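Residues per chain are reported as follows:
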Amino acid sequence: MKKIIFFILLAFIFISFDNPRSKYFEYYYKKSLEAANKGNASASIYYADSAISFISNIDSIYSLKANAYYMLGRPNQAIEQCEIALNLNKKNDYAYFIKGLSISLKNAYSDSLYDLIKRYKKDKEWFKENILNRYNSSSLENGNYVLIDYGLAIKYIDTCLLLNPAYINARMFRGLFYQYLNNYEKAIPDFDTCIKQDTNKIRRSWYYDYIGTCKEKMGLNEEARDAYTMGIFFNPKSGLLYEKRGMLYNNVWFDREYACKDLQKAMLYGRYIDSIEKYCSPSEYDFVSRMHGPKDWRHDYKYYCCPQIKFNPQKDTLIDIEIVPGVKEKMLDLKKSYVDSIEKSRIVTP
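Description of the structure in this document. (Residues numbered from 1 in each chain as written. Predicted model: local features only at pLDDT ≥ 70, side-chain atom pairs only at ≥ 80, totals over all residues. Heavy atoms only, no water.)

## So, the overall build of the chain
We apply this condition: Secondary structure elements are taken from DSSP: a helix is a run of H or I of four residues or more, a strand is a run of E of two residues or more, and numbering for both begins at the N terminus. Relative accessibility under 20% of the residue-type maximum defines a buried residue, over 50% an exposed one, and the middle range a partly exposed one, all with a 1.4 Å probe and only protein chains included. The contact definition used throughout considers only heavy atoms, calling two residues in contact when any of these lie within 4.5 Å. Only the protein chains shown count as cover for residues, and the accessible areas themselves come from Shrake-Rupley with a 1.4 Å probe.
When you go through the chain residue by residue, the secondary structure sums to 17 helices and four strands. Expressed as a percentage of the 350 residues in the chain, the buried residues total 40%. Across the chain, contacts joining residues at least 24 apart in sequence account for 51% of those joining residues at least 6 apart. Working note: accessible area of the chain is about 20,900 Å², and carbon and sulfur atoms make up 53% of it.

Written out as structure tokens, the structure is:
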């Protein structure tokens, strides 16, 4: 009986000592998660380290810390934290996901790999299987190459999706990585699945944007147009989707009328269309072109105007601006100063 009482007391002592550590761990874990959700990666790492100082064998805190390093663009540190998490728990789907994302930030270029590519470049089957289906490459101004190992990144995301098939972000990024590898046949099904699983309208518009891009690269222009149209249905204020559809109308079907309508809307929703006069006549683009201004002003334009602009589908001109007080006046003053500058330029000085 005395032995039983002793062990009960001993267990109570351990629990009383361990419980505060658990509470501190939970507190700092939540703080780290909140900081990450707010985009403050440095604070997230600080709080994660604080949590680890109390309990160091919980895998999820390391994958959370890995995410913060990924946000900071430090893939090597992110991968290290993912490996710690996976050593603690082989079924941590989030750690596989972050590891895949982090690999997509690393330059896999090395002299030996580059020599291997040059040596076997004429072997089309080997080159396709080992290079084109795995790496995305681009040259830099200094002559060096960037080789991103998307094939390896996809393998880790595959494992993540085996553990958690409903993980939408993992499926979206896998689709994007396939797209970067020009493997559109594998990319599109991932985006289709995202559309079925995700109820968020803005995100759905992204998936249709990605599908449209893939279809356009495949030469399926009508299907690309339909995808962009569906994206606009879910997000009617997406300047990017209007721009992509407008360019299709112009470049594929040479339909200047529809191209102009879409590109005007794209400008009104924050996109900069270079040389708009190539697509619209002066009477069509005059006012919006003046209000859009130079490239370095487009961010202000997007911030202030885009969400509240009303568009006349018959005339395709800006007819009303319902925005916070002072901003409309700022835009009108801009128009007036532009007109004044034109008038002054006409004055011939003796």
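## Quick word on the pattern of salt bridges
We count it as follows: The salt bridge definition used is simple: a Lys or Arg side-chain nitrogen within 4 Å of an Asp or Glu carboxyl oxygen.
Per the counting criterion, the structure on display carries 13 salt bridges. Lys215 is the salt-bridge partner of Glu223, the closest N and O atoms lying 2.7 Å from each other. Notably, a salt bridge pairs Asp262 with Arg245, separated by 2.7 Å at the nearest N-O pair. Of this pair, Asp262 sits in helix α14 (residues 256-268) while Arg245 sits in helix α13 (residues 239-251), and the two are 17 residues apart along the sequence. No difference in accessibility class separates Asp262 from Arg245, as the two residues are buried. Here the salt bridges do not stand alone but share partners, grouping Asp158, Arg171, Arg174 and Asp190 into one network.

## Looking at the nonpolar core
For soluble globular proteins, nonpolar side chains are generally found buried alongside one another. As a reminder of what qualifies: By nonpolar core is meant a set of buried Ala, Val, Leu, Ile, Met, Phe, Trp, Tyr and Cys residues that side-chain atoms within 4.5 Å join together.
By size, the foremost hydrophobic cluster in this structure holds 55 residues, and its most contacted members are Ile61, Phe97, Ile98, Ala170, Phe177, Phe191 and Tyr207. Here the element with the most residues in this core is helix α3 (residues 59-71); it accounts for seven residues. Discounting chain neighbours no more than four positions away, the residues touching Phe191 are Met172, Gly175, Leu176, Gln179, Tyr207, Tyr210, Ile211 and Cys214. Membership of the second largest hydrophobic core comes to 15 residues, among which are Ala224, Leu241, Met267 and Tyr279.

## Focus: unusual backbone geometry
Of note in the backbone geometry, Asn182 takes a positive phi value of approximately 65° without being a glycine. Within the secondary structure, Asn182 is located in the loop between α9 (168-180) and α10 (184-197). Even without being a glycine, Phe254 presents a positive backbone phi close to 50°. Note that Phe254 resides in the loop between α13 and α14. Residue classification places Phe254 among the exposed residues on the basis of a relative accessible area of 68%.

## Some details on the packing of α9 against α10
Quick note on the threshold: For helices, the axis comes from a line fit to the C-alpha atoms of the stretch in contact; other axes are also lines fit to C-alpha atoms, and the angle between any two N-to-C directions lies between 0 and 180 degrees. For classification purposes, an angle smaller than 35 degrees is called roughly parallel, one larger than 145 roughly antiparallel, one from 65 to 115 roughly perpendicular, and anything else oblique. Crossings are sorted by hand: turned counterclockwise from the far helix by less than a right angle, the near helix makes the crossing left-handed, and turned clockwise it makes it right-handed. Under the convention adopted here, Pro, Cys and the residues Ala, Val, Leu, Ile, Met, Phe, Trp and Tyr are nonpolar, Asp, Glu, Lys and Arg are charged, and Gly plus all remaining residues are polar.
Between α9 and α10, whose axes approach to 8 Å, the crossing angle comes to 155°. With respect to α10, the axis of α9 lies roughly antiparallel. The two elements α9 and α10 cross, and the hand of that crossing is left-handed. Of α10, the residues touching α9 (which contributes Ile168, Arg171, Met172, Arg174, Gly175, Leu176, Tyr178 and Gln179) are Tyr184, Lys186, Ala187, Asp190, Phe191, Thr193, Cys194 and Gln197. Grouping the amino acids of the contact of α9 with α10 by side-chain chemistry returns eight nonpolar, four polar and four charged.

## Examining the environment of Tyr269
Within the fold, Tyr269 resides in the loop between α14 and α15 (282-292). Exposure remark for Tyr269: the relative accessible area of 11% places this residue in the buried category. Counting along the chain gives 27 residues from Tyr269 to Tyr242, while the straight-line C-alpha distance between them is 8.9 Å.

## Examining the side chain of Ser44
Following the sequence through the fold, Ser44 ends up in helix α2 (residues 41-52). The exposure class of Ser44 is buried, given its relative accessible area of 0%. When sequence neighbours within four positions are dropped, the list of residues in contact with Ser44 reads Ser32, Ala35, Ala36, Leu64 and Ala68.

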